[in-house]
Amino acid sequence: MTPKRFSTVLRQLREAQGMTQADLAKKAKVDQGYISTLEAGQKKNPGINVLKRLARALGVPVGELLE
């Protein structure tokens, strides 16, 4: 998956939950700036541990982040 595609999926899932980047960052225990760079497509896809935390925070399976 390209970083740009991941950024789109992440943003859509976050917005569908009515979360801000700061909300997601807090729930996933990552820095808000990290969420911002992921959503901007400026960062490679995160590692599995971060993917799991993002998925848990968004209430979706990890695979949904990778679609």
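One structure accompanies this document, and this report is about it. (Residues numbered from 1 in each chain as written. Predicted model: local features only at pLDDT ≥ 70, side-chain atom pairs only at ≥ 80, totals over all residues. Heavy atoms only, no water.)

It is worth spelling out the packing of helix α2 (residues 21–28) against helix α4 (residues 48–58) at this point. Interaxial distance between α2 and α4 falls to 8 Å at its minimum, and their mutual angle equals 115 degrees. Crossing hand, α2 versus α4: right-handed. Contact residues: L24, K27 and A28 in α2; R53, L54, A57 and L58 in α4. Within the contact of α2 with α4, the residues separate by chemical class into five nonpolar, no polar and two charged. (Axes fitted to C-alpha atoms, helices over the stretch in contact; angles between N-to-C directions. Helix = DSSP H or I, 4+ residues; strand = E, 2+ residues; numbered from the N terminus. Left-handed = near helix turned anticlockwise from the far one by under 90°. Contact = heavy atoms within 4.5 Å. Nonpolar A, V, L, I, M, F, W, Y, C, P; charged D, E, K, R; others polar.)

The subject of this paragraph is α2. Among all positions in α2, only Q21, L24, A25 and A28 are buried. End-on, the buried residues of α2 take up no more than an arc of 100 degrees, which puts them together on one face. Residues of α2 that are exposed and point over 90 degrees away from its buried face: K26 and K27. Of the surrounding elements, those touching the buried residues of α2 are α1 (3–16), α3 (32–39) and α4. Looking one or two residues beyond α2, the residue adopting positive phi is K29, at roughly 60 degrees. (Buried < 20%, exposed > 50% of the residue type's maximum accessible area, 1.4 Å probe, protein only. Arc of directions from axis to C-beta.)

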